[in-house]
Amino acid sequence: MLMARLLALSALSCAPASVATDEAALAQARERMVADQIEAREVRDAKALAALRKVPRHLFVPPGLVAESYDDHPLPIGHGQTISQPYIVAFMTEALGLRGGETVLEVGTGSGYQAAVLAEIAARVFTIEIVEPLALEAKERLLRLGYRNVEVRAGDGYQGWPEAAPFAGIMVTAAAPRIPEPLKAQLADGGRLVIPVGDEYQELVVLTRRGTRFEQRSVLPVRFVPMTGEIRK
Ligand code: SAH
């Protein structure tokens, strides 16, 4: 009798409960991602951590990969491109050193995930993607999720976004053989450019503008998809 009632109850609650559990499970996976992959590896920036806790990464991956969206690795997003590993997104966000309220540029929109993370911190985010279908997809996704402070452009990010410059932060999420000069020129005084530099072997470089001088340091060995377009000419 009791058994029968329990069964009946669980049958009744089945449809709505499984949706709720899914969302709850994803939120829990996101929380674990931040604690185990990011805080455990000593990313400390409070704004970066809060942004990674908030942005629903599972909505930036192809539907078949949702279950893996909070795992400790990059994932394919189509067109031979990837969404970066969560730790790398957090590390690069911290490296940009934003305080909140800035105008920033991203080159390599991909899924739009990193742009959303930046949009949680900065006032305005400009992002450029060279693969047009990815740019359109990211633009729609960011709108749908309510990110009104992000502008997506399809094109080559090599020349930056001069009309929106100067930028307090510029992040490039594809590996370049050298630092694009136009991007350096669009950096505000005191601003930082974070970019993976190299081919087979790549290092994440942080370039800080001090007036007419630039301070450069390498902070982490990384592996990104190559930057294409004008930088290869
Ligand atoms: N930041 C992305 C991941 C980027 S993968 C995310 O959060 O999902 C790198 C992206 O850079 C790819 O989508 C690739 O097409 C793009 N890319 C490569 N060269 C580029 C260029 N010259 N200008 C703009 N985007 C470029």
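Worth saying up front: this structure is predicted, and the values here are computed from it rather than measured.

Asker: Just to check I follow, could you spell out helix α5 (residues 132-144) for this structure?
Answerer: Along an α-helix, a turn takes 3.6 residues, which lines up residues three or four apart on a common side. When the terminal C-alpha atoms of α5 are compared, their 18 Å separation across 13 residues agrees well with the 18 Å that a helix rising 1.5 Å per residue should span. All of the buried residues along α5 are L134, A135, A138, R141 and L142. The buried residues of α5 occupy an angular sector of 135° when the element is viewed end-on, so they sit on one face. Relative to its buried face, α5 has exposed residues pointing more than 90 degrees away, namely E140 and R144.

Asker: Looking at this structure, how should I read the site of the ligand?
Answerer: Around the ligand, a shell composed of 25 residues is seen, among which S111, E129, D156, G157 and T228 lie nearest. In the model, an oxygen atom of the ligand is placed 2.6 Å from a nitrogen or oxygen of the E129 side chain. Here a nitrogen atom of the ligand and a backbone polar atom of I130 are 3.2 Å apart. When the free accessible area of the ligand is taken as 590 Å², the share hidden by the protein chains comes to 99%. Only β2 (81-83), β3 (103-107), α4 (113-119) and β4 (124-129) provide two or more residues apiece to the shell around the ligand.

Asker: It is not clear to me how the sheet that holds strand β8 (residues 202-210) should be interpreted in this structure. Could you clarify?
Answerer: Two pairing modes exist for strands in a sheet, parallel and antiparallel, and in both the strands are linked by backbone hydrogen bonds. The strand order across the open sheet formed by seven strands is β5-β4-β3-β6-β7-β8-β9, and the pairing between neighbours is mixed. With one partner strand each, in any of the chains shown, β5 (150-154) and β9 (213-222) form the two edges of the open sheet. Between one strand axis and the next, the sheet turns through 15° on average, direction left out of account.

Asker: When you look at the environment of G108 in this model, what are you seeing that I'm missing?
Answerer: Topologically, G108 is positioned in the loop between β3 and α4. Along the primary structure G108 and V34 are separated by 74 residues, whereas in three dimensions their C-alpha atoms are 23 Å apart. Apart from the residues lying within four places of it in its own chain, the contact partners of G108 are I128, E129 and T173.

Asker: Quick question: what am I supposed to make of the packing of aromatic side chains here?
Answerer: The geometry of an aromatic ring pair comes down to the distance between the two centres and the angle between the two planes. Tallying each qualifying case throughout the model produces four aromatic pairs. Centre to centre, the rings of F60 and Y113 are 5.6 Å apart; their planes meet at 70°, and the pair counts as edge-to-face. Taken together, the residues F60 in the loop between α2 (46-54) and β1 (75-78) and Y113 in helix α4 connect sequence positions 53 residues apart. On the accessibility criterion, Y113 (1% relative accessible area) is buried. Through a chain of ring-to-ring contacts, the aromatic side chains of F126, W161 and F167 assemble into a single cluster. In this structure, R153 packs its charged tip against the face of W161, placed 4.0 Å from the ring centre. It is K184 that lies over the ring of F214; its NZ or CZ is 4.9 Å from the centre.

Asker: How do you make sense of the nonpolar core when you look at a structure like this?
Answerer: Grouped burial of nonpolar side chains is what soluble globular proteins tend to show. Grouped together as the largest cluster of nonpolar side chains are 51 residues, with contacts concentrated most on L52, Y113, V125, L142 and V150. The element best represented in this core is helix α3 (residues 86-96), accounting for eight residues. Apart from the residues within four sequence positions on either side, Y113 is in contact with M33, L52, V55, R57, F60, I83 and V89. With 21 residues, the next largest nonpolar core counts I195, V205, L207 and I231 among its residues.

Asker: Before we go on, may I ask you to explain the confidence of the model for the protein chain in this structure?
Answerer: Any residue range with low pLDDT should be treated as having predicted coordinates unsuitable for detailed reading. Chain-level statistics for the protein chain give a pLDDT mean of 93 and a share of 91% at 70 or above. By mean pLDDT, the top-scoring element of the protein chain is α4 (99), and the lowest-scoring one is helix α1 (residues 2-39) (71). The model gives residues 5-19 a pLDDT under 50, and that stretch makes zero contacts with residues more than four places away or in other chains.

Asker: How should I be thinking about the pairing of β5 in this particular structure?
Answerer: Strand residues, when the strand is regular, have side chains that alternate between the two faces of the sheet. Taken together, the five bridges between β4 and β5 define a ladder with parallel strand orientation. By the bridge assignment, E129 is partnered in β5 with A154. Tracing the backbone out of β4, into α5 and back to the parallel element β5 gives a crossover that is right-handed.

Asker: Looking at this structure, I do not really get α3. What am I missing?
Answerer: Within α3, 10 of the 11 residues are buried, which leaves the element mostly enclosed by the surrounding structure. Along α3, the positions that sit buried rather than exposed are P86, Y87, I88, V89, A90, F91, M92, T93, A95 and L96. The first or second residue beyond α3 is G97, which carries a positive phi of 65°.

About the cut-offs
- Residues numbered from 1 in each chain as written.
- Predicted model: local features only at pLDDT ≥ 70, side-chain atom pairs only at ≥ 80, totals over all residues.
- Heavy atoms only, no water.
- Helix = DSSP H or I, 4+ residues; strand = E, 2+ residues; numbered from the N terminus.
- Expected span 1.5 Å × (residues − 1).
- Buried < 20%, exposed > 50% of the residue type's maximum accessible area, 1.4 Å probe, protein only.
- Arc of directions from axis to C-beta.
- Near = heavy atom within 4 Å.
- Polar contact = N/O pair within 3.5 Å; in protein donor to acceptor, adjacent residues only side chain to side chain.
- Areas by Shrake-Rupley, 256 points an atom, 1.4 Å probe, with all protein chains shown as cover.
- Pairing = 2+ DSSP bridges.
- Axes fitted to C-alpha atoms, helices over the stretch in contact; angles between N-to-C directions.
- Contact = heavy atoms within 4.5 Å.
- Phe/Tyr/Trp six-rings, centres within 6.5 Å; stacked < 30°, edge-to-face > 60°.
- Lys NZ or Arg CZ within 6 Å of the ring centre and 35° of its normal.
- Core = buried A, V, L, I, M, F, W, Y, C linked by side-chain atoms within 4.5 Å.
- pLDDT = per-residue confidence, 0-100.
- Right-handed = clockwise from strand over helix to strand, strands pointing away.

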